[in-house]
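# Observations on the model geometry
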Amino acid sequence: MTEPLALSQYGWNDSVADRFARNAAELQPARVLSERRGSYALVTADGEIDGSVSGRFRYDAMSAEDFPAVGDWVGVELGEAGASAIIRAVLPRQTQFARPARGDLPGARVVAANVDVVLVVSGLDHDFNLRRLERFMTLAWSSGAEPVIVLNKADLCEDVAGRLADVASIAPGVPIRVLSARDGTGIESLTPLLESGKTIALLGSSGVGKSTLVNALLGWDRQLTKDVREDDARGRHTTTNRELLVMPSGALLIDNPGIRSVGVWDADEGLDDAFADVQAFAAECRFNDCTHASEPGCAVRAAIARGDLAAERLASQQHLAREWAALARRVDPNARANERARWKAIHKSVRNHMKQKYEAGA
Ligand code: GDP
Ligand code: ZN
């Protein structure tokens, strides 16, 4: 298959081409730039076009997760010139950020797909909070994307070295960058991460400086431009409404309200990575299901007693695990998805049965 030129700018590479060939070879490839109430802005090898999912796709969808999201690679059918594209397939995702869905479908709603590098942003001001950073690291790990910690607002911090040591202690092995997004100091330390074709996203509490960093990385004021354009009420999908943007470096940036508000969701796998230090000790506990409370032979409590592990690390991990379990019980995507799949199968077989009956009788 020849490489679609316009798409290489949007991250098309051998791995995507391979997934495409195996899942949607008969369709045209496209990447989702934004989504608004079921209408998608897409980029194909020929340029940008609006699109929506086919009726068949909607019918077959069993979970909110099946629907295309910003960053997804999809297989489309292009209609007559000027007509919008029909999305028929979503390629398997390499990474994803999701949140509980609101609509009638069970499962999580994906808010960003195929993010390669996630910048976990924290402010070095009075809001700095290690426990909150652990929470975002858990989310970052559970997405599958490669996390990098960005400590912003260095200009407001008296003891950067101390903070760096604290952060390193809760995120062993994770790269950390210190910068000041507002005046641009240290921003160049991100350059090696912003490779052409790589997809980047930012995670972090409100107020840590994500918008400021986004503007610095893009080289233009996204929010300002967006407000002006929206006041103009020009078209549904103006360029500034795109949630997947090409940076001057050639890297791609996903920024949307959804990813800005993802919570601890489906983070069980992320927990093991975010708390790899706790897990390493836990592997040495005498009992496999040790809760590190009062069991004999608990290697985690021993590590805390020796000073090799901070008690707060264990407390954070347990807190996040409980929170996740409560959410999972409330939403239980698998149980509900299975239920829906079962009903669909029943409806389908009834329909086929009726069809056969009437066709035979006709
Ligand atoms: P967001 O909510 O994460 O998007 O945060 P914003 O980008 O809106 O920033 C929140 C506030 O922090 C704004 O007043 C910014 O001007 C300020 N800010 C962002 N980066 C820096 C920085 O590096 N240093 C200082 N002193 N303030 C910053
Ligand atoms: Zn234990």
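Structure: see above.
Below you will find a few notes about this structure. As the structure is a computational prediction, the values presented were derived from the model and not from experiment.

Cut-off values and rules
- Residues numbered from 1 in each chain as written.
- Chains lettered and ligands numbered in written order.
- Predicted model: local features only at pLDDT ≥ 70, side-chain atom pairs only at ≥ 80, totals over all residues.
- Heavy atoms only, no water.
- Salt bridge = Lys/Arg side-chain N within 4 Å of Asp/Glu carboxyl O.
- Helix = DSSP H or I, 4+ residues; strand = E, 2+ residues; numbered from the N terminus.
- Buried < 20%, exposed > 50% of the residue type's maximum accessible area, 1.4 Å probe, protein only.
- Donors = N, O, S within 2.8 Å, 3.2 Å for Na, K, Ca; no water.
- Tetrahedral: all angles 85-135°; square planar, octahedral: opposite > 155°, others 65-115°.
- Pairing = 2+ DSSP bridges.
- Axes fitted to C-alpha atoms, helices over the stretch in contact; angles between N-to-C directions.
- Contact = heavy atoms within 4.5 Å.
- Near = heavy atom within 4 Å.
- Polar contact = N/O pair within 3.5 Å; in protein donor to acceptor, adjacent residues only side chain to side chain.
- Areas by Shrake-Rupley, 256 points an atom, 1.4 Å probe, with all protein chains shown as cover.
- 1 Å grid on protein atoms, 1.4 Å probe; cavity = no way out; pocket = protein on both sides within 12 Å on 5 of 7 lines; lining within 4 Å.
- Points joined across faces, edges and corners; volume = space filled by probe spheres on them.
- Nonpolar A, V, L, I, M, F, W, Y, C, P; charged D, E, K, R; others polar.
- Phe/Tyr/Trp six-rings, centres within 6.5 Å; stacked < 30°, edge-to-face > 60°.
- Core = buried A, V, L, I, M, F, W, Y, C linked by side-chain atoms within 4.5 Å.

This paragraph deals with the pattern of salt bridges. Pairs can form between side chains of opposite charge once their charged atoms are near each other. On inspection of all chains with the given rule, the structure shows eleven salt bridges. A salt bridge links aspartate 18 to arginine 22; its shortest N-O distance comes to 2.8 Å. Placement of the pair is aspartate 18 and arginine 22 together in helix H2 (residues 14–24), with a separation of four residues, close to one helical turn. For arginine 22, a relative accessible area of 58% puts it in the exposed group. Measuring nitrogen to oxygen at the nearest pair gives 2.7 Å for the salt bridge that ties glutamate 134 to arginine 313. Taken together, the positions of glutamate 134 in helix H4 (residues 130–143) and arginine 313 in helix H12 (residues 311–331) put the pair 179 residues apart, joining distant regions of the chain. The network of salt bridges with shared partners includes Arg131, Glu134, Asp277 and Arg313.

A few words on the coordination of the zinc ion (ligand 2). Under perfect tetrahedral coordination by four donors, a metal shows angles of 109.5 degrees; under perfect octahedral coordination by six donors, it shows angles of 90 or 180 degrees. Donor atoms from the polypeptide that coordinate the zinc ion (ligand 2) comprise Cys285 (SG), Cys290 (SG), His292 (ND1) and Cys298 (SG), at 2.1 to 2.4 Å from the metal. Here the zinc ion (ligand 2) binds four donor atoms, and the angle range of 104 to 114 degrees at the metal identifies the geometry as tetrahedral. Mapped onto the sequence, the donors of the zinc ion (ligand 2) take the spacing C-x4-C-x1-H-x5-C. Of the two residues, cysteine 285 is situated in the loop between helix H10 (276–282) and helix H11 (299–306) and cysteine 298 in the loop between H10 and H11; the sequence distance between them amounts to 13 residues.

With four of five residues buried, strand S4 (residues 73–77) lies mostly within the body of the structure. Strand direction decides the pairing type here: strand S1 (residues 28–36) and S4, joined by four bridges, are antiparallel. Bridge pairing in S4 links arginine 31 to tryptophan 73. Relative to strand S5 (residues 85–90), S4 is paired through four bridges, and the arrangement is antiparallel.

This brings us to unusual backbone geometry. For asparagine 114, which is not a glycine, the phi torsion comes out positive at approximately 60 degrees. Residue position: asparagine 114 is located in the loop between strand S7 (108–113) and strand S8 (117–123). We note that lysine 153 has phi near 65 degrees; this positive angle belongs to a residue other than glycine. Along the chain, lysine 153 falls in the loop between strand S9 (146–152) and helix H5 (160–170).

Strand order in the open sheet made by the six strands is S10-S9-S8-S11-S13-S12, with mixed pairing throughout. Of all the strands in the sheet, just strand S10 (176–178) and strand S12 (244–246) have a single pairing partner and so form its edges. For this sheet, the mean angle separating the axes of adjacent strands, direction not counted, is 25 degrees. The sheet contact formed by S9 and S10 spans three bridges and is parallel. If you follow isoleucine 149 over to S10, its bridge partner there is isoleucine 176. The sheet contacts of H4 involve S8, S9 and strand S11 (199–203), and relative to S8 the element is tilted by about 170 degrees. Contacts between H5 and the sheet are confined to S9 and S10, with S10 contributing the most and set at about 160 degrees to the helix.

In this section: the site of ligand 1. Near ligand 1 lie 16 residues; those nearest to it are Asp155, Gly207, Lys210, Ser211 and Thr212. With respect to ligand 1, the side chain of lysine 153 contributes an N or O atom lying 3.1 Å from an oxygen atom. In this structure, glycine 207 approaches ligand 1 through a main-chain N or O atom, which is 2.7 Å from an oxygen atom. In isolation ligand 1 has 580 Å² of accessible area, and contact with the protein removes 77% of it.

We now examine empty space enclosed by the protein. If you roll a probe as big as a water molecule over the atoms, it shows you where there is empty space left. In this structure the tally under the stated criterion is one cavity of 30 Å³ or more. Surrounding the largest cavity, Val120, Val121, Ser122, Gly123, Asp127, Phe128, Asn129, Arg132, Leu133, Phe136, Ser205 and Val208 form its lining. When residues of the lining of the largest cavity are traced back to their parent elements, those giving at least two are S8 and H4. Per element, the largest residue contribution to the lining of the largest cavity is four residues, and it comes from S8. Looking at side-chain class alone, the lining of the largest cavity contains six nonpolar, four polar and two charged residues.

Right, let's get into the packing of aromatic side chains. Applying the stated criterion across every chain yields a total of three aromatic pairs. Residues tryptophan 12 and phenylalanine 20 carry aromatic rings whose centres are separated by 5.8 Å and whose planes lie at 65 degrees to one another, so their mutual orientation is edge-to-face. For the pair tryptophan 12 and phenylalanine 20, one class covers both residues: buried. Where tryptophan 12 meets tryptophan 73, the ring centres are 5.4 Å apart and the plane angle is 75 degrees; that geometry is what we call edge-to-face.

Attention now goes to the nonpolar core. Grouped together as the largest cluster of nonpolar side chains are 59 residues, with contacts concentrated most on Phe97, Ile149, Val167 and Leu203. By residue number, the principal contributor to this core is H4, which donates six residues. Here isoleucine 149 is in contact with Val120, Leu133, Met137, Val167, Ala171, Val174, Pro175, Ile176 and Arg177, once residues within four sequence places are set aside. Counting residues in hydrophobic clusters, the runner-up holds 22 residues, among them Leu202, Val214, Leu245 and Met247.

Remember, this is a structural readout, not a statement about activity or role.
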